[in-house]
Every structure is written in structure tokens, then in C-alpha cells.
Amino acid sequence: MALLSVIRRWHFREHLSIREIGRRTGLSRNTIRKYLRSDGVEPQFKVPDRPSKLDPFADRLAAWLKTEANRPRKQKQTLKQLHANLVSLGFEGSYNRVAAFAREWRADRQRELQTSGRGTFVPLSFAPGEAFQFDWSEDWAIIGSERTKLQVAHTKLSYSRAFIVRAYLLQTHEMLFDAHTHAFRVFGGIPQRGIYDNMRTAIDRVGRGKERDVNARFQAMASHYLFEPEFCNPASGWEKGQVEKNVQDARHRLWQPIPRFPTLDALNDWLETRCKELWSQTAHGRMGGTIADLWAEEVPSLMPASRPFDGFVEYTKRVTPTCLVHLDRNRYSVPASFANRPVSLRVYPDRIVVAAEGMVICEHHRIIDRSHDQPGRTVYDWRHYLAVVQRKPGALRNGAPFAELPDAFRTLQQHLLKKPGGDREMVEILALVLQHDENAVLVAVEMALTAGVPTKTHVLNLLHRLVDGKAITPPTINAPQALVLTNEPKANVERYDALRKAAETRHAS
């Protein structure tokens, strides 16, 4: 190309003859004339059309390459295997020719995808209150003093791009429902539809095309909040690109450096506050103003949220003979009257509710332990075992549920167990909480201990006074000293002597 430029400059600018140019360059005059007549600025070399031994097999090889491109990575055939297959069909060419054909075919396919397939996207536009996008991510935080892996729920309004981030320990149904409840509360309403990927907590089975078997509990939540769920195609994250971008941005804005909080609730409170601050600090990008400005415009288009969805997941469990139900390697106590019977276990993000016979019978704080190298934990409520120890008072001494009694009860137990029948008296005192307020029973026990009379009779007396509203100590009467009896009694024992003498005279000998 440099030589062609020199020839053109010498001839057209400096007006040198073809003979002189040929002398300087060593090229023939015919070659120089050809370059000048072509009027081109760079030389063009025509590749001759040479027949190849692969031509009769080109269509078959292209079909094989297309089939292999759609197979899983571990099941694809190598080019050497494809070359061997062609040889078995009569191909006499080398492996290098097959490899060159495969490179050209892949390059053509890549160019086709970039112009008409996955490499090309259509910008999306949403109306106010039209849609929101939801996604999960995994991040880390220090909760208490332990580095904890968190499942983070991201919810983002498609019009204003207002977003909320909330962290959980698990990525389960009850966490998903709770994330939606808090998101709609923060956004101030509910859009018309929600855009999701094919997460297992929402989809039971992915069908052909847009066919989905939606999870019944997820559908119940969508029906409660009156929004239409819409699911992306598999492995098509760009269909909810706004929330995917939010996942990337949040890692730099919220999780670096690793946040440190005493509890998960404290972390979520900070995340909510921080997200709202970022609304005011982040420009919308496509429209003028910040995210907060566009969110204020979008709020009137959102449907006001009604009461929160009761987002529990229900399991049917059978209570063990030791009055326990099992969940996630942990055990929770149930009233003894339901031992060996089926109950309904309603699981919330932070608590466990046990129901039976159409009513809630007990509730516990939920334990979520991500480490599987430690044994499960047991949560007791000593009140659930009172019906058992009333029949078996001896179990009170070493009963595991009664290791967590209040201090006043434990002190009273130490006094009563020193005497015979004290275990039964202690059981009868504990059973008072079934008919009376527990705080009143505790106050009566503390007063009995302070008075130095730790007995059942005294505790009952004090409890009845507290319940009836009577004063514990009788009022003191101050009598005036001026009051004097008119007839003061006098000590006279003579009549007793007279009775003694009369008895001696009637004594039989």
C-alpha cells in the first residue's frame, strides 16, 4: 500500500513519467499502468477460487457443528471426532482443513447472533406504576461477631428506579413474602405487575415457551397484592436488566466494606435508610432529576397496599412423646395435651407458630443456624410441661424444660426440695400460672422469700391478697392514751380454790 501511494504521488503530483517511475521502483511499466488505471488507494488481490476436498461434505459438517453447539459442554464432540466421522464417509482431506472450516463457521454464527440475536437488545420504557423487578443475590456481613452469608432481596420500580434491599439468612418462601411486604411498604404502593426470573420459590416447573407452573403460595401472594407476575425466559437476565444492574451497584454502595451490625434487624434498618438516601443522591439517568424526584411522581400511580400478606409456610408435624416438634434440625416444645398428635406448623421469617384444632396453641422465636457441623438446638417452654409434672412431680428435679425457670421460682424450688413433699408443693405453685397472671405469682413468691416464709400456704395467701386487691399488711391502729376502763379487771383466784375444795369432798375413796 505504501508503494502504491508513492506511485500515485509521483505520477499525479510530481508528473513523473511511467518510464521514470519504473526505473525508481523496479516495476514493469504495465504494472504501473494497471495501478494507475484502477484508480484505487489500496491494492486489491483476488483470491482464486480453488476447489476443496471438503466441498462435498460442507453442508453435513455445518449441520454437525450446529448440533454440537446446542449440546451441553461435557457432551460435545471434538473436531478430531468430527474429522474421523467425515473420513468414515469418504473424506480424504486433512484435519487442518476441517478446523479451518469450523473457525469460519463459528465466526459467521457469532456475527449473525450479534446482529439479530442475543447480542442485540431493545431499550425498554415503563409507565409510572406499571411494573417492578425482583431478584436475589448473595453477600456477606458481620452479624454480632460472626461473618455471615446473607441472601439479599432486591426490589426495584421500573419507572422511577427506586429500589429497596433487604437481607435474610435463607432464600425460602417466607423470606420472599416478607421481602415483598416491606418493599411495598417502602414504595408506598403496589405496581401492576412484577418481573421475575424462574426462581424455585415462585416456579414449580418451567414449561415450553412462556408456560409456567406457578407455586400455589406465590400465586396466593400475588392475588393478595393484586399484581400480575411475569417470568423471564430461562438464562435471560437482560429481560430484568434494571434489577440485575442494581445487584452490581449495591455491592459497591452497601456491601463494601463489609457492614457490621449487632443483629440482622439492625442491618435491615440501616439498609432501608441507606437506600432512601441513595434515591436522593442518584440521578435517574434517562429522565431529569433524581430517583427520589421520579419516585414522588410515581407514587400516585401505585395501588395503595392493604393489610400485609400472612406470608407463612405451613407444615404438618407430629408431636413427639416428649412434647416436641422438629424443624430444620431444631426442636420446639408444644403443650403436653397435644403430645403424639398432629399439629400445623406455620413458619415465618422470625417465628414459629403452632396451631391445632382451629386455634394457635403456642409460638416460639425461630432459630436459623447455617452451620451443619453442630447439633440442633431445643427451645423449651416450661409451661408446656406443667400437666406432666402434676402427674410426675419427681421429674421437676432434673427436667430439662425447668432449667430455664425465673430466678424467684428457682430459689423457691431450692427451699422446698429440702423437705419431704417439697417437689409436689413446687409443682402446685408453678401450676398457679395456669389460672393467674404469671407476674402476680412471681410477685407473691418474691414476697414470700423476702418474708422468710417460703411455703405453699404463704404464697397462696399472698397471691389471693394480690388478686383480690386487699392490703398485704393490716393497718396499724393508734389508740389514744386518755381512754381508761371504768371497771378495771382484778385478778382473783379464790374461786378456783373453792372449786378445788369442793372436788376433794366428792372424791370417792
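Overview of the structure. From a predicted model like this one, the values you see are computed outputs, not experimental measurements.

1. A word on the overall build of the protein
If you tally the helices and strands in the protein, you get 17 helices and 15 strands. Taken over C-alpha atoms, the radius of gyration comes to 45 Å for the protein, far larger than the 23 Å a tight globule of 509 residues would show. For the protein, the C-alpha atoms occupy an extent of roughly 185 × 65 × 45 Å along the three principal directions. The burial tally for the protein puts 38% of its 509 residues in the buried class.

2. Digging into the packing of aromatic side chains
For the structure shown, the criterion picks out 19 aromatic pairs. Both rings, one in phenylalanine 57 and one in phenylalanine 91, keep their centres 5.7 Å apart while their planes meet at 75 degrees; by these two values the pair is edge-to-face. Taken as a pair, phenylalanine 57 in the loop between helix 3 (29-38) and helix 4 (58-69) and phenylalanine 91 in the loop between helix 5 (79-88) and helix 6 (95-116) lie far apart in primary sequence, 34 residues in all. For the pair shown, phenylalanine 57 and phenylalanine 91 are each scored as buried. Here the aromatic rings of phenylalanine 134 and tyrosine 196 are separated by 5.9 Å at their centres, their planes lie at 50 degrees, and the arrangement is tilted. With phenylalanine 134 in strand 1 (residues 131-143) and tyrosine 196 in strand 4 (residues 193-196), the pair connects residues that are 62 residues apart, well separated along the chain. For phenylalanine 134, a relative accessible area of 0% translates into the label buried. Using a relative accessible area of 0% as the deciding quantity, one classes tyrosine 196 as buried. For the cation-ring pair, arginine 147 lies above tryptophan 140, with the distance from its terminal atom to the ring centre recorded as 4.1 Å. Taking the ring centre of phenylalanine 312 as reference, the NZ or CZ of arginine 217 above it sits at 4.9 Å.

3. Focus: helix 5
Count 3.6 residues to each turn of an α-helix, and residues three or four apart come out pointing the same way. For helix 5, the full list of buried residues reads Leu79, Leu82, His83 and Leu86. Burial along helix 5 is one-sided: seen end-on, the buried residues are contained in an arc of 100 degrees. Opposite the buried face of helix 5, at more than 90 degrees from it, the exposed residues are Lys80 and Ser88. Positioned one or two residues after helix 5, glycine 90 has a phi angle of 115 degrees, which is positive.

4. Quick word on the pairing of strand 13 (residues 351-356)
Extensive coverage of strand 13 is indicated by the burial of 5 of its 6 residues. Where strand 12 (residues 342-347) meets strand 13, 4 bridges bridge the pair, whose relative direction is antiparallel. Within strand 13, the position partnered with serine 344 by the bridge is alanine 355. In textbook terms, the turn of a hairpin is the stretch between consecutive antiparallel strands, and for strand 12 and strand 13 this stretch comprises 3 residues. As defined by bridge partners, strand 13 adjoins strand 14 (residues 359-365) across 6 bridges and the pair is classed as antiparallel. The residue of strand 14 that forms the bridge with valine 354 is cysteine 362. Following strand 13, the chain reverses through 2 residues before pairing antiparallel with strand 14; glutamate 357 in that reversal takes a positive phi of roughly 55 degrees.

5. Looking at the environment of leucine 169
If you trace the backbone, leucine 169 turns up in the loop between strand 3 (163-168) and helix 7 (173-187). On the accessibility criterion, leucine 169 (21% relative accessible area) is partly exposed. Between the C-alpha atoms of leucine 169 and arginine 370, which are 201 residues apart in sequence, the distance is 7.9 Å. When residues no more than four places from it in sequence are discounted, the contact partners of leucine 169 are Thr148, Lys149, Leu150, Gln151, Leu264, Ile368 and Arg370.

6. Let's talk about the pairing of strand 12
Consecutive side chains along a regular strand alternate between the two faces of the sheet. Summarising the sheet, strand 9 (residues 313-318) and strand 12 pair through 6 bridges and their orientation is antiparallel. Residue pairing for strand 12: lysine 317 is matched across the bridge by valine 343.

7. Quick word on a positive patch on the surface
Residues Lys66, Arg73, Lys74, Lys76, Arg106 and Arg109 make up a contiguous surface patch of positive charge. Checked against the element boundaries, arginine 109 lands in helix 6.

8. A closer look at helix 16 (residues 456-468)
Under the 1.5 Å per step criterion, the end-to-end length of helix 16 is 18 Å for 13 residues, consistent within 8% with the ideal 18 Å. Along helix 16, the residues that are buried comprise Val459, Leu462 and Leu463. Buried residues of helix 16, seen end-on, are gathered within an arc of 100 degrees and therefore sit on one face of the element. Exposed residues pointing more than 90 degrees away from the buried face of helix 16 are listed as Thr457 and Asp468. Looking at the buried positions of helix 16, the neighbouring elements they touch are helix 14 (422-430) and helix 15 (438-451).

9. Examining the packing of helix 15 against helix 16
At a closest axis distance of 9 Å, the pairing of helix 15 and helix 16 adopts a crossing angle of 130 degrees. With respect to their mutual orientation, helix 15 and helix 16 come out oblique. Crossing geometry of helix 15 relative to helix 16 is assigned as right-handed. Packed against helix 15, whose contacting residues are Ala440, Val441, Val443, Ala444, Val445, Met447, Ala448 and Ala451, the element helix 16 presents His458, Val459, Leu462, Leu463 and Leu466 at the interface. When grouped by side-chain class, the residues that make up the contact of helix 15 with helix 16 number 12 nonpolar, 1 polar and no charged.

10. Comments concerning the side chain of histidine 83
Considering the arrangement of structural elements, one finds histidine 83 in helix 5. In this structure the side chain of histidine 83 is engaged in a polar contact, spanning 3.2 Å, whose partner is the backbone oxygen of glycine 93. From its side chain, histidine 83 meets the backbone nitrogen of tyrosine 95 in a polar contact 3.5 Å long. Non-local contacts of histidine 83, meaning those with residues more than four positions away in its chain, are made with Phe91, Gly93, Ser94, Tyr95 and Val98.

11. As for the nonpolar core
The tendency in soluble globular proteins is for nonpolar side chains to be buried as a group. Phe134, Tyr196, Phe227, Trp255, Leu267 and Trp279 are the most contacted members of the largest nonpolar core, which has 47 residues in total. Elements with a minimum of two residues in this core: strand 1, strand 2 (146-157), strand 3, helix 7, helix 8 (216-225), helix 10 (264-281) and helix 11 (291-298). Among the elements that line this core, the one with the most residues is helix 7, at 8 residues. Setting aside its immediate chain neighbours within four residues, leucine 267 contacts Ala141, Ile143, Leu150, Ala167, Trp255, Pro259 and Phe261.

The rules behind the values
- Residues numbered from 1 in each chain as written.
- Predicted model: local features only at pLDDT ≥ 70, side-chain atom pairs only at ≥ 80, totals over all residues.
- Heavy atoms only, no water.
- Helix = DSSP H or I, 4+ residues; strand = E, 2+ residues; numbered from the N terminus.
- Rg over C-alpha atoms; globule rule 2.2 N^0.38 Å.
- Buried < 20%, exposed > 50% of the residue type's maximum accessible area, 1.4 Å probe, protein only.
- Phe/Tyr/Trp six-rings, centres within 6.5 Å; stacked < 30°, edge-to-face > 60°.
- Lys NZ or Arg CZ within 6 Å of the ring centre and 35° of its normal.
- Arc of directions from axis to C-beta.
- Pairing = 2+ DSSP bridges.
- Contact = heavy atoms within 4.5 Å.
- Patch = residues over 30% accessible without salt bridge, like charges linked within 9 Å, V, L, I, M, F, W, Y side chains within 5 Å.
- Areas by Shrake-Rupley, 256 points an atom, 1.4 Å probe, with all protein chains shown as cover.
- Salt bridge = Lys/Arg side-chain N within 4 Å of Asp/Glu carboxyl O.
- Lys, Arg positive; Asp, Glu negative; His and termini not counted.
- Charge placed at Lys NZ, Arg CZ, Asp CG, Glu CD.
- Expected span 1.5 Å × (residues − 1).
- Axes fitted to C-alpha atoms, helices over the stretch in contact; angles between N-to-C directions.
- Parallel < 35°, antiparallel > 145°, perpendicular 65-115°, else oblique.
- Left-handed = near helix turned anticlockwise from the far one by under 90°.
- Nonpolar A, V, L, I, M, F, W, Y, C, P; charged D, E, K, R; others polar.
- Polar contact = N/O pair within 3.5 Å; in protein donor to acceptor, adjacent residues only side chain to side chain.
- Core = buried A, V, L, I, M, F, W, Y, C linked by side-chain atoms within 4.5 Å.

It is worth stressing that arrangement in space is one thing and function is another; only the former is reported here.
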